Number of protein chains: 2
Amino acid sequence: MSVQEYMQNLGKNARAASRQIAAATAGTKNNALLAIADALNETRDFLIAENGKDLQAGREKGLDEAMIDRLALTSQGIDKMIEGLIQVAALPDPCGAITDLNYMPSGIQVGKMRVPLGVIGIIYESRPNVTIDAASLCLKSGNATILRGGSEAIHSNRAVAQCIKSGLQKAGLPETAVQVVETTDRAAVGELITMAEYVDVIVPRGGKSLIERISKDAKVTVIKHLDGICHVYIDDQADLDKAYDIAINAKTHRYGVCNAMETLLINQAVAADILPRLAKGYGEKGVELRGCPQTRAIIAAEVATDEDWATEYLAPILSIKVVADMDAAMDHIAQYSSAHSESIVTQDYSKGRRFITEVDSSSVMINASTRFADGFEYGLGAEIGISTDKIHARGPVGLEGLTSQKWVVLGDGHIRQ
Amino acid sequence: MSVQEYMQNLGKNARAASRQIAAATAGTKNNALLAIADALNETRDFLIAENGKDLQAGREKGLDEAMIDRLALTSQGIDKMIEGLIQVAALPDPCGAITDLNYMPSGIQVGKMRVPLGVIGIIYESRPNVTIDAASLCLKSGNATILRGGSEAIHSNRAVAQCIKSGLQKAGLPETAVQVVETTDRAAVGELITMAEYVDVIVPRGGKSLIERISKDAKVTVIKHLDGICHVYIDDQADLDKAYDIAINAKTHRYGVCNAMETLLINQAVAADILPRLAKGYGEKGVELRGCPQTRAIIAAEVATDEDWATEYLAPILSIKVVADMDAAMDHIAQYSSAHSESIVTQDYSKGRRFITEVDSSSVMINASTRFADGFEYGLGAEIGISTDKIHARGPVGLEGLTSQKWVVLGDGHIRQ
């Protein structure tokens, strides 16, 4: 069987299973999630042994320590996967909710019902825990799933797939509701992202280059998460203590995350006041500063170039720009932001109102750290990614982002006049 | 200037204008809509004269009467465009609405704000009225628009574009908030659907071949509306009088529309009872019937082939299939429907409940004619199209379908722990 035939087969299975999983009750889906958790718990030794094969092959292949780290499946890691499944089982089922059901002048009632998207393809790197993460969210939202993990994790993923199958079976759901691609042939990805008759959405999870490659070639909608070039703007009306806390937190709470601040914009009226304090704070954390000429007139910093404004450092580096006013800050954001998350620090009511209305990013904040842009912090319970797109889902994508709404019409013999 | 440069230029203008139009108040947008209406009213003679050039060229080119009909702009047609503008001005502004603003455990407030998509490209056939239709909805929803109408309407569209520009100017909005592509070069379409840096969504309005061609090549999300292969299923528990009315209305109210029924499914228990009545009714309307063997054992009908089940006739032709039960009907729908609109006629509570939950179409109905699947009937005030896609918008797409939601976070110095 060719890779194409193999993938088409998975697609057909998924499409068929999607009808059954869409019609499954929340109880049945939760039973499946908990049965998968049990299966993981019962096959710990096998999972760790299979993962060992991947780790050995990875070391022989010369993977770096960060990659080996993400690839490794420990007993603690299995505990986390189990916890995750239990948490997702506890979330409310988004499917079937009917909203805005109203009588129309014709006498029909019209409303919207939340429904699964159908078949979701997940493409990710060699991190076996993502297999469970992604599968659980897609399953809970009533979608069939095809999971394609990095080839270095193939033994681990096959072992995890067995647990998923066993859990689905125990709950009386089709095993094909969640399918793991069990070939390492790269052509499988190309097929997955172009078989629009069987796949409704692709969610890539991984680095920017992976996501760009997939977006370029996909014939299926991609819920993508590219850069997070996030900004904090400290206004002249800011409470400078709040500004200090937020600017330090947004940059230094964690560095390698998409909601970390990469560029700090400061109103010229308060720059001389707050910059020295901030420089000291960042210095203590070991953050390298790169600044515009006005910044460098106040504190020691490297020269920030145009490239800096357009860079997601994901590292202890911060670019700083002094701006004339909020409009200049919003212009800078419009030009350089990746439309992920931006925050204004101000006590001024009118400016806050304008900033959150006019800044076109997936999260806009007043007096809060950009680090809050996160599915858990937003109360979604879990997230499958953070969309920097404008279509379908923006920002943290939880269970609801994996669904859509269809129209329901209730009549009683009504015909159109 | 090459076509590519020309289009890139429109794109840059639109992107720049999109920030201003997004920030415009409902009042300003309504003023623009009403000023465009005034401009149309004041330049009737010019519009009709310019349209005359298109009509003459069209006749010389040998366009058929239906195309000439759609191309023609009469004084009555201008009245309708003006009415449409006034109606859209009267609709509530979807933008800026904040919903679900709740306190989170961390103390931040998190909610969603409805915002424009940005820049919308509309591609349509040679129907000058669509220029105003589409422009008004995009403008009201706060989006910048690039309109590319069929080349046969170029003089008409240029004349309409002047009215739009004058209206925007009077309201103090940038003229580039609505731009009409003023070249007939076909390469303009190819450029429009691939310049993802400047265009956020493409809405094609026209025949299936146009939409398929655009979807195939687009690098921008397409809100598309393909076939409407709509079904009515008459259950064995149906009220047969209601069933008769709905089946006749769904097929014969209008033939050339996407929400007309193309296939009638009838439960075998009631087929002998209702089919002869229906055959008489359809006969009086001149509808050609094509049936499965069981249908043809009861009434006179041509043979329905597999191709019939998959065909959108858009004509006085109906395919009829007798099915064993509701599950068989839902299987048929899952296999052949274009996921537009389906209706069950039944008095049985449980079956109605299952049908609207399990059938995966953009509109699912109980005891109502599929002809109701329409933005006006659903209370949207207007529609830019009917999406048969699952992503972003399903079914009739009104102003809300041209928007998205961003997250707003209100803190008071909150940092992530």
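Residues numbered from 1 in each chain as written. Chains lettered and ligands numbered in written order. Predicted model: local features only at pLDDT ≥ 70, side-chain atom pairs only at ≥ 80, totals over all residues. Heavy atoms only, no water.

With that out of the way, let us pick up the packing of helix α10 (residues 240-252) of chain A against helix α11 (residues 268-285) of chain A. All names here are of chain A. Between α10 and α11, the shortest axis-to-axis distance is 10 Å and the interhelical angle comes to 35°. Regarding α10 and α11, the two cross each other, and that crossing is right-handed. Every residue of α11 that contacts α10 at L240, D241, A243, Y244, A247, I248, K251 and T252 is listed here: V270, D273, I274, R277, L278, G281, Y282 and K285. Looking at side-chain class alone, the contact of α10 with α11 contains nine nonpolar, two polar and five charged residues. (Axes fitted to C-alpha atoms, helices over the stretch in contact; angles between N-to-C directions. Helix = DSSP H or I, 4+ residues; strand = E, 2+ residues; numbered from the N terminus. Left-handed = near helix turned anticlockwise from the far one by under 90°. Contact = heavy atoms within 4.5 Å. Nonpolar A, V, L, I, M, F, W, Y, C, P; charged D, E, K, R; others polar.)

Residue and element names in this part refer to chain A. Across the eight residues that make up strand β2 (residues 109-116), a large majority, seven, are buried. Summarising the sheet, strand β1 (residues 98-103) and β2 pair through four bridges and their orientation is antiparallel. When the bridges of β2 are listed, N102 appears paired with V110. Count of turn residues in the β1/β2 antiparallel hairpin: five residues, of which G107 carries a positive phi of about 105°. (Buried < 20%, exposed > 50% of the residue type's maximum accessible area, 1.4 Å probe, protein only. Pairing = 2+ DSSP bridges.)

Residues and elements named next belong to chain A. Residues annotated in UniProt with the feature "domain: Aldehyde dehydrogenase" (unreviewed entry) correspond here to residues 10-280 and 302-374. Helix makes up 53% of residues 10-280 and strand 17%, with an end-to-end C-alpha separation of 56 Å. Along residues 302-374, the helical share is 34% and the strand share 27%, with 31 Å between the first and last C-alpha atoms. (UniProt positions renumbered as here; feature names shortened; annotations may be inferred.)

Further remarks concern unusual backbone geometry. All names here are of chain A. The phi torsion at D100 lies on the positive side, around 55°, for a residue other than glycine. Inspection of the secondary structure puts D100 in strand β1. For D100, a relative accessible area of 57% translates into the label exposed. One non-glycine residue, H392, lies in positive phi territory at about 70°. Here H392 shows up in the loop between β15 (385-387) and β16 (395-397).

Bringing the pairing of strand β3 (residues 119-124) of chain A into the picture now. Residues and elements named next belong to chain A. Burial runs high along β3: six of the six residues are buried. Residues of β3 alternate between two faces, with V119, G121 and I123 on one and I120, I122 and Y124 on the opposite face, all of them buried. With five bridges connecting them, β3 and strand β4 (residues 144-148) associate as parallel partners. Paired with G121 across the strands is I146, a residue of β4. With respect to chirality, the unit in which β3 leads through helix α6 (residues 128-140) into the neighbouring parallel β4 is right-handed. As judged from the five bridges shared by β3 and strand β6 (residues 201-205), these two strands associate in the parallel manner. (Right-handed = clockwise from strand over helix to strand, strands pointing away.)

Now for the relation of the copies chain B and chain A. Superposition of chain B onto chain A requires a rotation of 180° combined with a translation of 0.0 Å along the rotation axis, giving an RMSD of 0.1 Å. On this basis, the relationship between the two copies can be described by a two-fold rotation axis. The rotation axis passes nearest to the C-alpha of H392 of chain B in chain B, at a distance of 1.9 Å. By residue overlap, the copies meet face to face through one surface: 100% of the interface positions of chain B are interface positions in chain A. (Least-squares fit on C-alpha atoms with pLDDT ≥ 70 in both.)

All names here are of chain B. Within the secondary structure, S75 is located in helix α5 (residues 75-90). Placed 129 residues apart in sequence, S75 and P204 show a C-alpha to C-alpha distance of 26 Å. Here S75 is in contact with R44 and I48, once residues within four sequence places are set aside. A distance of 2.8 Å separates a polar atom in the side chain of S75 from a polar atom in the side chain of R44. (Polar contact = N/O pair within 3.5 Å; in protein donor to acceptor, adjacent residues only side chain to side chain.)

Let's shift gears to the environment of A26 of chain B. Residue and element names in this part refer to chain B. Within the secondary structure, A26 sits in helix α2 (residues 26-42). Exposure remark for A26: the relative accessible area of 27% places this residue in the partly exposed category. Residues A26 and N102, 76 residues apart in the sequence, show an inter-C-alpha distance of 26 Å.

With that settled, the discussion passes to the interface of chain B and chain A. Counting residues at the interface gives 68 residues for chain B, matched by 68 residues for chain A. Between chain B and chain A the total buried area reaches about 5,600 Å² when both faces are included, carbon and sulfur atoms providing 55% of it. It is I391, W407 and R416 of chain B that lose the most area in chain B upon contact with chain A, and together they represent 16% of the buried surface on that side. At the surface where chain B touches chain A, the tally comes to 12 salt bridges. There are 45 residue pairs in polar contact (both at pLDDT 80 or more) connecting chain B and chain A. Where the side of chain B that touches chain A is concerned, the elements lending two or more residues are α1 (3-23), β2 (109-116), α10 (240-252), α14 (326-336), α15 (349-358), β14 (363-368), β16 (395-397) and β17 (403-414) of chain B. Where strand β14 (residues 363-368) of chain A meets β17 of chain B, five bridges bridge the pair, whose relative direction is parallel. (Buried area = accessible area lost by both parts, 1.4 Å probe. Salt bridge = Lys/Arg side-chain N within 4 Å of Asp/Glu carboxyl O.)

A few words now on the packing of aromatic side chains. In the structure shown here, the tally under the stated rule is two aromatic pairs over all chains. Measuring from ring centre to ring centre gives 4.9 Å for Y378 of chain A and W407 of chain B, while their planes differ by 35°; the resulting arrangement is tilted. Note that Y378 of chain A is positioned in the loop between β14 and β15 and W407 of chain B in strand β17, a pairing that runs across two chains. For the pair Y378 of chain A and W407 of chain B, a shared accessibility class is recorded, and that class is buried. Sitting over the ring of Y244 of chain A, R277 of chain A keeps its end group 4.8 Å from the ring centre. (Phe/Tyr/Trp six-rings, centres within 6.5 Å; stacked < 30°, edge-to-face > 60°. Lys NZ or Arg CZ within 6 Å of the ring centre and 35° of its normal.)

What follows covers the sheet that holds strand β7 (residues 221-222) of chain B. Residue and element names in this part refer to chain B. Within the open sheet, the five strands sit side by side as β5-β4-β3-β6-β7. Their pairing is parallel. Of all the strands in the sheet, the pair left with one neighbour each is β5 (178-180) and β7. With respect to the sheet, α1 is in contact with β3 (119-124), β4 (144-148) and β5, its orientation differing from that of β4 by roughly 150°. Here helix α6 (residues 128-140) sits on the sheet in contact with β3, β4, β5 and β6 (201-205), set at roughly 160° to β3.

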